[in-house]
Amino acid sequence: MRGKLYGVSVGPGDPELLTLKAKRTIEECSVIAYPIRHPGERSMAFSIIEDVVEVSDKRKLELVFQMSSDKTVRASNYNDAMGQLTSLLDEGCDVCMITLGDATVYSTFMRVSKDIEDRGYETEVVPGVPSFCDGAARAKMPLMIGTEGLAVVSAAEGSDLFCTALDDFDNVVIMKAYGSIEKISKKIDSMDKVPEVLVVSDVGLESQYIGPLDKNRKYGYFTTLIVKKQKEAQE
């Protein structure tokens, strides 16, 4: 009998934000798979669960997804990961692939899940807490009030989608913003309304920063901006 693949969301960093369902699912699976960028690299997702879930008796599987500009390298990584996962599923192992935040928000798992299902295997997604929800809660900032709208966009790979979102929405979450702070800042400075900007960086980690946008600050990979339109620009 084939095993089942679970995409288990482990939240943004604080182990206390791991859901009961996520904990139970991990405990019931015989294999824990986790994405990393380089072989042997420490997995942030694994570090979140290891002190709150019994993992000593689990098989561990590193899935290498390099952040390479070379599409051939990325394709090779992906094919290797698919091969490892299907091999374990064919053995009858239930595999949980743990992912930061929520698996449905810019996660490699959703692509993996679709391809695994297309090959005839069963999958399931266990939801979790996205980093921008955790950051907004810590800052006591409402993401939406009344009839306000919310856009969630990515600034990865030079995307300028945040420009359209900032023009059209009351509230905008810009994920993967670490490499685009200068471009985002210029757009915000050019807006007719003065927005409130909250930076959520490395939330739940020792290097956590939750506060106003500082253009001169160096931000880490896990950096998200929450932008709220709030008042007319002062002349």
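Details of the structure are given in the entry above.
Below, the structure is looked at part by part. Quick caveat, the model's predicted, so the values are computed rather than measured.

1. Things to note about the sheet that holds strand β1 (residues 4-9)
With respect to topology, five strands assemble into an open sheet ordered β3-β2-β4-β1-β5, the strand pairing being parallel. Every interior strand has two partners, whereas the edge strands, β3 (59-64) and β5 (122-126), have only one. Averaged over all adjacent pairs, the angle separating strand axes in this sheet is 25 degrees, with direction ignored. Of the pairings in the sheet, the one linking strand β2 (residues 31-36) to β3 comprises six bridges and is parallel in character.

2. As for unusual backbone geometry
In this structure, Y106 takes a positive phi of about 50 degrees despite not being glycine. With respect to the helices and strands, the residue Y106 is situated in the loop between β4 (95-99) and α4 (108-118). Positive phi is not limited to glycine here, since K176 has a value of about 50 degrees. Considering the arrangement of structural elements, one finds K176 in the loop between β7 (171-175) and α7 (181-189).

3. Structural notes on the packing of helix α3 (residues 71-90) against α4
Where α3 contacts α4, the two axes come as close as 11 Å, and the packing angle between them is 55 degrees. When the axes of α3 and α4 are compared, the pair comes out oblique. Of the two elements, α3 crosses α4, and the hand of that crossing is right-handed. Of α4, the residues touching α3 (which contributes Y78, M82, L85, T86 and L89) are R111, V112, D115 and I116.

4. A few points about the environment of D202
Relative to the helices and strands, D202 is located in the loop between β8 (193-201) and β9 (209-211). By relative accessible area, D202 is classed as buried at 12%. Along the backbone, D202 and A75 are 127 residues apart, and their C-alpha atoms lie at a distance of 28 Å. In terms of polar contacts, D202 uses its side chain to reach the side chain of S207, at 2.7 Å.

5. Some thoughts on the pattern of salt bridges
One pass over the structure, following the stated rule, counts 15 salt bridges. Two residues, K23 and E27, come together in a salt bridge whose shortest N-O distance is 2.5 Å. Placement of both K23 and E27 in helix α1 (residues 20-28) is noted, with a separation of four residues, approximately one turn of the helix. With a relative accessible area of 28%, K23 lands in the partly exposed category. Using a relative accessible area of 34% as the deciding quantity, one classes E27 as partly exposed.

6. A word on the environment of L205
Following the sequence through the fold, L205 ends up in the loop between β8 and β9. On the basis of relative accessibility, which here comes to 31%, the residue L205 falls in the partly exposed class. Sequence spacing of L205 and Y221 is 16 residues, and the spatial spacing of their C-alpha atoms is 12 Å.

7. So, the pairing of β4
Buried residues dominate β4, accounting for five of its five residues. Of the pairings in the sheet, the one linking β1 to β4 comprises five bridges and is parallel in character. Within β4, the position partnered with G7 by the bridge is M97. Bridge count between β2 and β4: three bridges; the pairing is parallel.

8. A look at the state of the cysteines
Applying the stated rule across the entire model yields zero disulfides. Distance from the sulfur of C96, which forms no disulfide, to the nearest cysteine sulfur (C29) is 4.5 Å. Owing to a relative accessible area of 0%, C96 belongs among the buried residues under this scheme.

Each value, and the rule that gives it
- Residues numbered from 1 in each chain as written.
- Predicted model: local features only at pLDDT ≥ 70, side-chain atom pairs only at ≥ 80, totals over all residues.
- Heavy atoms only, no water.
- Pairing = 2+ DSSP bridges.
- Helix = DSSP H or I, 4+ residues; strand = E, 2+ residues; numbered from the N terminus.
- Axes fitted to C-alpha atoms, helices over the stretch in contact; angles between N-to-C directions.
- Parallel < 35°, antiparallel > 145°, perpendicular 65-115°, else oblique.
- Left-handed = near helix turned anticlockwise from the far one by under 90°.
- Contact = heavy atoms within 4.5 Å.
- Buried < 20%, exposed > 50% of the residue type's maximum accessible area, 1.4 Å probe, protein only.
- Polar contact = N/O pair within 3.5 Å; in protein donor to acceptor, adjacent residues only side chain to side chain.
- Salt bridge = Lys/Arg side-chain N within 4 Å of Asp/Glu carboxyl O.
- Disulfide = S-S within 2.5 Å.

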